[in-house]
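Here's the letter readout for the chains.
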Amino acid sequence: MEPNSDRVIDLINWGRALFIERRIPHARYTMEVLLEHILGAARADLYCDRDRRLTAEQMDRLMGYIEERLARKPLWHLVGSVEFYGLPIRVSDRVLIPRPETELLVERAVQELTRRPRQAVRYVADVGTGSGNIAIAVAVAAGGTFVYATDLSPEALAVAKANARQNGVEGAICFLEGDLLEPLRAGGRGKVEMVVSNPPYVSDADWADLPPEVRDREPRLALRGGPDGLRCLARLVEEAPSVLVPGGALLLEVGRGQAPQVRAMMERAGVYRRVETHRDYAGIDRLVVGADVGRV
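The following refers to the structure shown. Counting of residues starts from 1 at the beginning of each chain's written sequence and follows it residue by residue. In keeping with the model being predicted, local features are shown solely for residues with a pLDDT of at least 70 and side-chain atom pairs are shown and tallied solely at 80 or more, while totals for entire chains, interfaces and linings include all residues. The basis for every side-chain value is the complete set of non-hydrogen atoms in the structure, without hydrogens or water.

Next up on the list: the side chain of N133. Along the chain, the position of N133 falls in helix 7 (residues 133-141). Residue N133 is classed as buried on the basis of its relative accessible area of 7%. Throughout this description, a polar contact denotes any pair of N or O atoms lying within 3.5 Å of each other; where both atoms belong to protein, one of them has to be capable of donating a hydrogen while the other can accept it, and for residues adjacent in sequence the pair is counted only when both atoms sit in side chains. Among the polar contacts made by the side chain of N133, one reaches the side chain of S131 at a distance of 3.1 Å. In this description a helix means any DSSP run of H or I spanning at least four residues, a strand means any run of E spanning at least two, and both kinds are numbered starting from the N terminus. Using a 1.4 Å probe on the protein chains alone, a residue whose accessible area is under 20% of its type maximum counts as buried, one over 50% counts as exposed, and one in between counts as partly exposed.

Structure below.
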């Protein structure tokens, strides 16, 4: 398992081969990220300074990270943070690791907010906030927006609060503990213009097929959505109109193949006057929008 060189380029090639052999996904990228973290260098710098040699201490750290990754510890848990919407988000085993496809949810949320008449403050609810990545990205990207971020897990909320402080938006987010939309109703807060959520949507059938670093290392509470994966999605479609202002919108990230069912739920509800589906960068129907809410 030991590499025969401490040069950056040799380590990248050695690590890539090792990870491929052990069936670790994104083999080269994984090695690049670990070296970026250890050396404090950008990925492009690894190749510009390809003959750079690691110190003995750096080599020890690298080998420790590799052993943990081979044991299926998630890459982002190893380095401690992930970039989401251009922002640093700290992660741990208490929160779901933000995925690139969830950036689509933020993009559409900002677009929907700019379509509405400008208010002094725009209010949004991020349901199941986890690491706080969505709430933080919306607060940063849509100035003048105040976000209520809810989560059932106090441990997740602690991570989210730290991330909000790190990104300078702690004053623009109110973190609330509780189940889905219940904290908004229980607190007697006013209605919001938008509800966004990346809720648990993994079905029981899909659970066993998840990679072990997801199934065994990330919180089940943030992943499992009931027998068909639609439990939380159905509740949000039903309950969101009660906290939305007239003309408000509900934006939901969904799993592969779930968009038609969630869209049908919104159409049957009779309160979402505009229902849309949007594909992520992989061409998967990933986001369902129910907008222009009418009667409640």
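After presenting the structure, the write-up continues.
The subject of this paragraph is the environment of E177. Relative to the helices and strands, E177 is located in strand 5 (residues 173-177). On the basis of relative accessible area, E177 is assigned to the exposed category, the value being 52%. Spatially, the C-alpha atoms of E177 and L157 are 7.4 Å apart, while their sequence positions differ by 20 residues. With residues up to four places along the chain from it excluded, the contact list for E177 reads D151, L152, P154, L157 and P183. Contact definition: two residues touch when any of their heavy atoms are within 4.5 Å.

So, on to the pattern of salt bridges. Two side chains bearing opposite charge may form a pair once their charged atoms approach each other closely. Every case where a carboxyl oxygen of Asp or Glu lies within 4 Å of a side-chain nitrogen of Lys or Arg is listed as a salt bridge. Within the structure shown, the criterion is met by 22 salt bridges. A salt bridge links E213 to R69; its shortest N-O distance comes to 2.7 Å. Note that E213 is positioned in helix 11 (residues 212-215) and R69 in helix 4 (residues 56-70), a separation of 144 residues in sequence. Grouping residues by exposure puts E213 and R69 together as buried. Between E239 and R235 there is a salt bridge, with the nearest N and O atoms lying 3.2 Å from each other. Remark: R235 and E239 occur in helix 12 (residues 231-239); sequence separation between them is 4 residues, near one turn of the helix. Given a relative accessible area of 16%, E239 falls into the buried group. Among the charged side chains, a salt-bridge network with shared partners connects R108, E112, R115, R274, E276 and D292.

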